[in-house]
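Each chain is listed here by its residues.
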Amino acid sequence: MTPSTQNAAVLQVDDLRVSFRQEGALTHAVKGVSFAVQRGETVALVGESGSGKSVSALSTVSLLGDSAEVSGSVLYDGQQMVGASDKLLRKVRGNDISFIFQEPMTSLNPLHTIEKQLAESLALHQGVAGAEARARILELLDKVGIVDAQSRLGAYPHQLSGGQRQRVMIAMALANKPDVLIADEPTTALDVTIQAQILDLLKELKDSEGMGLLFITHDLGIVRRIADRVCVMKQGEIVEHGPTQEIFDNPQHPYTIKLLGAEPSGRPDPVAPDAEVIASTDHLKVWFPIQKGFMRKTVDHVKAVNDASLSVRAGETLGIVGESGSGKTTLALAIMRLISSEGGISFMGQDVRSWSTRQLRRLRKDMQIVFQDPFGSLSPRMTCMQIIAEGLSVHKVDPDRNPRDLVRDVMIEVGLDPATMDRYPHEFSGGQRQRIAIARAMVLRPKLLVLDEPTSALDMTVQVQIVDLLRNLQRKYGLAYLFISHDLKVVRAMSHKVMVMKRGDVVEYGDVDTLYDNPQSDYTRTLLQATT
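Residues numbered from 1 in each chain as written. Predicted model: local features only at pLDDT ≥ 70, side-chain atom pairs only at ≥ 80, totals over all residues. Heavy atoms only, no water.

## A look at the packing of helix H8 (residues 192-209) against helix H21 (residues 522-530)
Link 1 in the chain: Where H8 meets H21, the axes come as close as 8 Å, and the angle between the chain directions of the two elements is 55°. Overall, the two elements H8 and H21 adopt an arrangement that is oblique. Here the hand of the crossing between H8 and H21 comes out left-handed. Here H8 contributes Val192, Thr193 and Ala196 to the contact with H21, which in turn contributes Thr526, Leu527 and Ala530. (Axes fitted to C-alpha atoms, helices over the stretch in contact; angles between N-to-C directions. Helix = DSSP H or I, 4+ residues; strand = E, 2+ residues; numbered from the N terminus. Parallel < 35°, antiparallel > 145°, perpendicular 65-115°, else oblique. Left-handed = near helix turned anticlockwise from the far one by under 90°. Contact = heavy atoms within 4.5 Å.)

## Things to note about the sheet that holds strand E10 (residues 237-243)
Link 1 in the chain: Read across the open sheet, the six strands follow the order E6-E7-E8-E3-E9-E10; overall the sheet is mixed. Taken across any chain shown, the strands that pair with only one partner, and hence form the sheet edges, are strand E6 (97-100) and E10. Across the sheet, the mean angle from the axis of one strand to that of its neighbour is 15°, orientation sign disregarded.
Link 2 in the chain: Across six bridges, the pairing between strand E9 (residues 229-234) and E10 is antiparallel. (Pairing = 2+ DSSP bridges.)

## Here we look at the UniProt feature "domain: ABC transporter" (unreviewed entry) in the protein
Link 1 in the chain: When the UniProt feature table is mapped to this numbering, "domain: ABC transporter" (unreviewed entry) covers residues 11-260 and 290-528.
Link 2 in the chain: The span residues 290-528 is 38% helical and 25% strand by assignment, and the distance between its end C-alpha atoms comes to 34 Å. (UniProt positions renumbered as here; feature names shortened; annotations may be inferred.)

## Let's talk about the nonpolar core
Link 1 in the chain: The biggest cluster of nonpolar side chains holds 54 residues, and the ones touching the most others in it are Ile388 and Ile438.
Link 2 in the chain: Discounting residues that sit within four places of it in the chain, isoleucine 438 has contacts with Val370, Val414, Ile466, Leu469, Leu470 and Leu473.
Link 3 in the chain: If you look at the next biggest cluster of nonpolar residues, it comprises 50 residues, including Leu118, Ala183, Ile222 and Ile226. (Core = buried A, V, L, I, M, F, W, Y, C linked by side-chain atoms within 4.5 Å. Buried < 20%, exposed > 50% of the residue type's maximum accessible area, 1.4 Å probe, protein only.)

## Quick word on unusual backbone geometry
Link 1 in the chain: The phi angle at histidine 283 is positive, at roughly 50°, despite the residue not being glycine.
Link 2 in the chain: Overall, histidine 283 belongs to the partly exposed group, its relative accessible area being 48%.
Link 3 in the chain: At methionine 348, a residue that is not glycine, the phi angle is positive and equals roughly 55°.
Link 4 in the chain: Its location among the elements puts methionine 348 in the loop between strand E14 (342-347) and strand E15 (350-351).
Link 5 in the chain: On the basis of relative accessible area, methionine 348 is assigned to the partly exposed category, the value being 23%.

Shown next as structure tokens:
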């Protein structure tokens, strides 16, 4: 299927095919893809993980490994990129065609300052150095919205927030005034307000610089906001394409219809009136000391959590929302007594604030946590069986039963095939890995489950599945959830109550419908507006 194009396309892809040869076997990742990007327009490649979006983009300037076999045509400004010489590719990469990737911390050098990394790009492609380079760097940082750019020149990537790092990546991509900017999931890991700012920035820069923008994402809400045309990919093929409004108003392919309908909906079951309070806090405070000097004298504090009072009952979900650095995860870790805090903490009716590590050990199986990135939280050297069963021996759960039987039962419960229990994490998809992380927690039959951004790294269709799974488990076992997220649509589908946090403070707390329909805080209104 070939999307209609114009003769003036700055990037023209025709019948692109990409295969990977591994151990003699050939995997076909991209199968005859064709699309074009005009100057000053945004084309979105949309699809689930593994659909071939990123492989197609990386193929445009031959950034795939030696195992890749590429055929077809990729024309940049009339020049053929497939099979092009190294000299031509070096000239085009990062200069005429630039990339912004999903996770800036893996793209930025942690050992070099922001100024040095931007200066390297300018020196390599434009021969600009010294005072001229610094002036250009300050101009770029100002253009992408880095406040007080002069003071940030000497900063290292870890000293910047997620949104600031992504802005630096955009500045690097724009340094050489490219004709085509390829943005590969550039906002997936960002908070909704930062996400909205980055999308507005990209649109503004595309219009002012006259670039073509190829935007890769699995989030159709973003596509509607930023794209002029859409190409929907599935299993290496473009199954539907056309103007954005037309695709959204009148989708033709069943897969496109499925993607458009993949949004968490519905509500959790009501909480029983006599439900037991599982966890609560009373004026909880987490302050980290700032120490300076030879004697490490405390001169100030980072007020990560400031005066937080909450409660969550059996069968109830408390959604905790806010931007990065607002204190969401710190609050949850304090409730689980994994970090020090001040104030009251009660678990299962017991004041655990002053309990020792030994006393807390018998409660650990009743309070479990599922993290955002299942690949990072699962040991790559352990099989699925070993990962899920690890806590059984630690907490002596059902010692008379065969651990494989317990693992089999919980795998079935979370929607995993027990026949795969001897596979390793890399052999599972992102959604399957998240199910393994949930199974690892659920095998201990906890009372409280902390869910720290459990869906943010997943495709929309997989998000819906995980939300349904969590609601079913809550219904069956009366679980109490602390659900931490920056995705307000998912929070509404999961939560009974919501707590909104900003810079350590609780700015709003209440029933989910009341808070969403009639927010009292300006900050809450800003968060809700950023999702529309």
